[in-house]
Amino acid sequence: MQIINLNALSSDVSSMQADDSHDSIRDIGFTFNFYGQSYTQLVISGNGYITFDLTQANQYSPWIINAAIPNPGILPENAIMAPWQDINTGLGGSVYYGTTGIAPNRVFVVTWCAVPMFSCTSDLHTSQVVLHEGSNKIEMFIQDKPVCIAWNGGAAVQGLVDATSANADIVNDPVLLLPRNWPLPWTATNEGWEFIPNGPTSYTINSTPTTTTTTT
């Protein structure tokens, strides 16, 4: 396993300073296609996901995970979960975002950097999502994903879900050989994943070498 340090440098720092919140609407900087729909803006959650549902801006972000994704009508939807879990941006760490590169090969990067797990505050989570212009590929890097088994059953979901929860693509844990979905508790260190569009309803998921992506 390759050891990495995700570099959280970015042109912008999220304004989220409270637990369980969504950030304001952010410009991607290019058009990004997700499950067959085109977007130029998104919203970042303090609980480890990105959503293209702009109505969630500055709203409460759910932390209770008590059903598997997809779960129609229940947030998060239209989302990239990196993973979705209960972390506490109100207690520490930072969320960074920004666009870098030159058209037609720009990337938009979100990094959750050293954010404490809720109820297990000495355990820090760091992960990163990279959206690629043109190919619409999604990369996901996890440096540290602890498990807080005493809180929310240790639940965390890693993968993608579309706007109506009709389609979802969930990562299979390479050790436990089960989907990283409710109710499975799991942990990860120094992992890389790519999600390649396979038409408008699914993605091909591959494990990849871990890398460092920065925005300046």
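Everything numeric in this text was worked out from a predicted model, so none of it was measured. (Residues numbered from 1 in each chain as written. Predicted model: local features only at pLDDT ≥ 70, side-chain atom pairs only at ≥ 80, totals over all residues. Heavy atoms only, no water.)

**Observations concerning the side chain of D173**
To be explicit about the condition: Going along the chain from the N terminus, every DSSP run of H or I of four or more residues is numbered as a helix, and every run of E of two or more is numbered as a strand. Here the term buried applies to any residue with accessible area under 20% of the maximum for its type, exposed to any over 50%, and partly exposed to those in between, with areas from a 1.4 Å probe on protein chains only. Polar contacts here mean pairs of N or O atoms no more than 3.5 Å apart (in protein, one a potential hydrogen donor and the other a potential acceptor; neighbouring residues in sequence count only if both atoms are side-chain atoms). In what follows, a contact means two residues having at least one pair of non-hydrogen atoms within 4.5 Å.
Relative to the helices and strands, D173 is located in the loop between strand 11 (168-170) and strand 12 (188-197). The exposure class assigned to D173 is buried, which follows from its relative accessible area of 4%. In terms of polar contacts, D173 uses its side chain to reach the backbone amide nitrogen of L176, at 2.7 Å. Beyond its immediate sequence surroundings of up to four residues, D173 is in contact with L178, R180, W186 and T187.

**Describing the pattern of salt bridges**
The cut-off we apply is this: By salt bridge we mean one thing: a side-chain nitrogen of Lys or Arg within 4 Å of a carboxyl oxygen of Asp or Glu.
Under the criterion given, the structure shown has six salt bridges. Across the salt bridge formed by K137 and E139, the nearest N and O atoms sit 3.9 Å from each other. Two residues, K137 and E194, come together in a salt bridge whose shortest N-O distance is 3.6 Å. Linking K137 in the loop between strand 8 (120-132) and strand 9 (138-145) with E194 in strand 12, this pair joins segments that are 57 residues apart in sequence. Taking the relative accessible area as the measure of exposure, E194 reaches 15% and is therefore buried. Three or more residues joined by partner-sharing salt bridges are found here, namely K137, E139 and E194.

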